[in-house]
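Residues per chain, in single letters:
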Amino acid sequence: MATLKDVAKLAGVSTITVSRVLNGSYYVSEATKHKVMAAVEQLNYKPNAIARSLRNARTSTIGVLVPDISNPYFMSLIRSLEAEVQREGYHILLASSDDDPAKEAEMLDVLEMRVDAMVVASSFSTASAPLLDRDVPIILVDRKVEGAHFSSVIEECEKSSYELVKHLIQFGHRDIAILNSSAEISTAQSRQQGYERALSQFGIEPNPNFVCRGQLTKEWGYLMCKRLFSAGEPQPTAIFCANNSLTQGALLAIRELGLAVPDDVSLVSFGDLPLSELIEPRITAVIQNPENVGKKTSEILLKELGRGKDEGGCVEALVLPTHIRLGESVRPLY
């Protein structure tokens, strides 16, 4: 007996597209409809009515897909989101993409068949089929996706990154490195832009050797910081870490190199560290509020779930404020 996957393979489309043609639930081009129906006829495919009814039933489950479930930021966001949606009878199904677009596409497929809606911190920088071709509502968190017509809840990035780097410059630093992501995700782009704007405003020529791009993990923070101090002269007098995991890795590398913050190198972080009050010196950091992101996301999500699929609704794009906490991790050079 032919399956939905068989039809999709013969027609050269995704299983989601086949489902949409058969259900008539979303717009599909006439050319694609023709290919799908020709494959259905050739294979004598008979849709499983029981499976379809199960798929169309409510599951009372929300899929949450984030890059790294071990990151304290996402842990706090998910905890807050879960607390809010549980009050309305929903549960959370959690998955991790490792900032890999291919894995993200796979996990979106897995989650979609089991949930009523999805909350996604996407590794896609622009709208693409794996993210867009979905039968359930999607809310974007932490990151924007260019061209995706979804509601989103993010925190301000560019201005606070600019202010952090400006703080270093005002303390006399000009050789300032940045540890950031190599992926073109919106948060990485915004924090890079803030770094570059501060340097430009004060007439500092960026040193390409001080721009380190990798993954937003502790391991990459460690590796990139090690490379900074093994590349010869000049060496940075200050480092801007674009997220808290990178900061943890950088601190480990600095200690292993026999250096100290701030005596040998100043350091600032986008995002606070776990138990930061126990870390000496206290790190100057952009303070985020993932709990508030989770709460605001749940409010939008529950509104969308309360609407019928064909009712439409207003796309909301919330940008929540952050603030900078000054610590003792920056040493004046003047």
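This section reports on the structure supplied with the text. (Residues numbered from 1 in each chain as written. Predicted model: local features only at pLDDT ≥ 70, side-chain atom pairs only at ≥ 80, totals over all residues. Heavy atoms only, no water.)

### Thoughts on the overall build of the protein
Definition in use: The way it works is that DSSP assigns letters per residue, a run of H or I at least four long becomes a helix, a run of E at least two long becomes a strand, and they are numbered from the N terminus. Whether two residues touch is decided by their heavy atoms; if any such pair falls within 4.5 Å, the residues are in contact. A 1.4 Å probe and the Shrake-Rupley method give the accessible areas. Residues count as covered only by the protein chains that appear here. Neither His nor the chain ends is counted toward charge; the positive residues are Lys and Arg and the negative residues Asp and Glu. Every charge is mapped to an atom, namely NZ of Lys, CZ of Arg, CG of Asp or CD of Glu.
Scanning the protein from terminus to terminus reveals 12 helices and 12 strands. Sequence-distant contacts, at least 24 apart, represent 69% of the contacts inside the protein between residues at least 6 apart. Per element, the accessible surface of the protein, about 16000 Å² overall, is 52% carbon and sulfur. Within the protein, one finds 34 positive and 42 negative side-chain charges whose respective centroids are separated by 3 Å.

### Some details on the packing of helix 2 (residues 15-23) against helix 3 (residues 30-43)
How we decide: Inter-axis angles, ranging from 0 to 180 degrees, are taken between N-to-C directions of lines fitted to C-alpha atoms, where helices are fitted over the stretch in contact. Angular relationships are summarised with four words: roughly parallel below 35 degrees, roughly antiparallel beyond 145, roughly perpendicular across 65 to 115, and oblique for the angles in between. Asp, Glu, Lys and Arg are counted as charged, while Ala, Val, Leu, Ile, Met, Phe, Trp, Tyr, Cys and Pro are counted as nonpolar; the rest, among them Gly, fall into the polar class.
At a minimum axis separation of 10 Å, helix 2 and helix 3 run at an interaxial angle of 90 degrees. By the angle between their axes, helix 2 is roughly perpendicular relative to helix 3. Counted together, Thr 17, Val 18, Val 21 and Leu 22 of helix 2 and Thr 32, Lys 33, Val 36, Met 37 and Val 40 of helix 3 form the full contact between these two elements. In the contact of helix 2 with helix 3, the residues fall into 6 nonpolar, 2 polar and 1 charged.

### Quick look at unusual backbone geometry
In terms of backbone geometry, most residues other than glycine have negative phi values and most peptide bonds are trans. The amide bond that connects Val 261 to the next residue, Pro 262, takes the cis arrangement and shows omega of 0 degrees. Structurally, the position occupied by Pro 262 is in the loop between helix 11 (244-256) and strand 9 (266-270). Positioned with a positive phi, Asp 98 is a non-glycine residue whose angle comes to about 55 degrees. The topology assignment puts Asp 98 in the loop between strand 2 (91-96) and helix 6 (101-112). A positive phi angle is found at Leu 275, which is not glycine, with a value near 50 degrees. Positionally, Leu 275 belongs in the loop between strand 9 and strand 10 (284-287).

### Here's the deal with the nonpolar core
As a rule of thumb, nonpolar side chains are buried together in soluble globular proteins. Filter applied, for reference: As used here, the term nonpolar core means buried Ala, Val, Leu, Ile, Met, Phe, Trp, Tyr and Cys residues forming a set that is joined through side-chain atoms within 4.5 Å. Residue burial is assigned from relative accessible area. The probe radius is 1.4 Å, only protein chains are included, and a residue is buried under 20% of its type maximum, exposed over 50%, and partly exposed in between.
In terms of nonpolar packing, the biggest core is built from 41 residues, with Leu 179 and Ile 239 touching the most fellow members. Breaking this core down by element, the ones donating at least two residues are helix 8 (158-170), strand 6 (176-181), helix 9 (186-201), helix 10 (218-228), strand 8 (238-241), helix 11 and strand 9. With 5 residues, the single largest contributor to this core is helix 8.

### Concerning the packing of helix 5 (residues 72-86) against helix 12 (residues 290-306)
A pair of packed helices is characterised by two quantities: the angle between their axes and the separation of those axes. Cut-off, in case you're wondering: It is the rotation of the near helix from the far one that decides the hand of a crossing: anticlockwise by less than a right angle makes it left-handed, clockwise makes it right-handed.
At a closest axis distance of 7 Å, the pairing of helix 5 and helix 12 adopts a crossing angle of 40 degrees. As the angle between them shows, helix 5 and helix 12 are arranged oblique. Where helix 5 crosses over helix 12, the handedness of that crossing is right-handed. Facing Tyr 73, Ser 76, Leu 77, Ser 80, Leu 81, Glu 84 and Val 85 of helix 5, the residues of helix 12 in contact are Pro 290, Glu 291, Val 293, Gly 294, Lys 295, Thr 297, Ser 298 and Leu 301.

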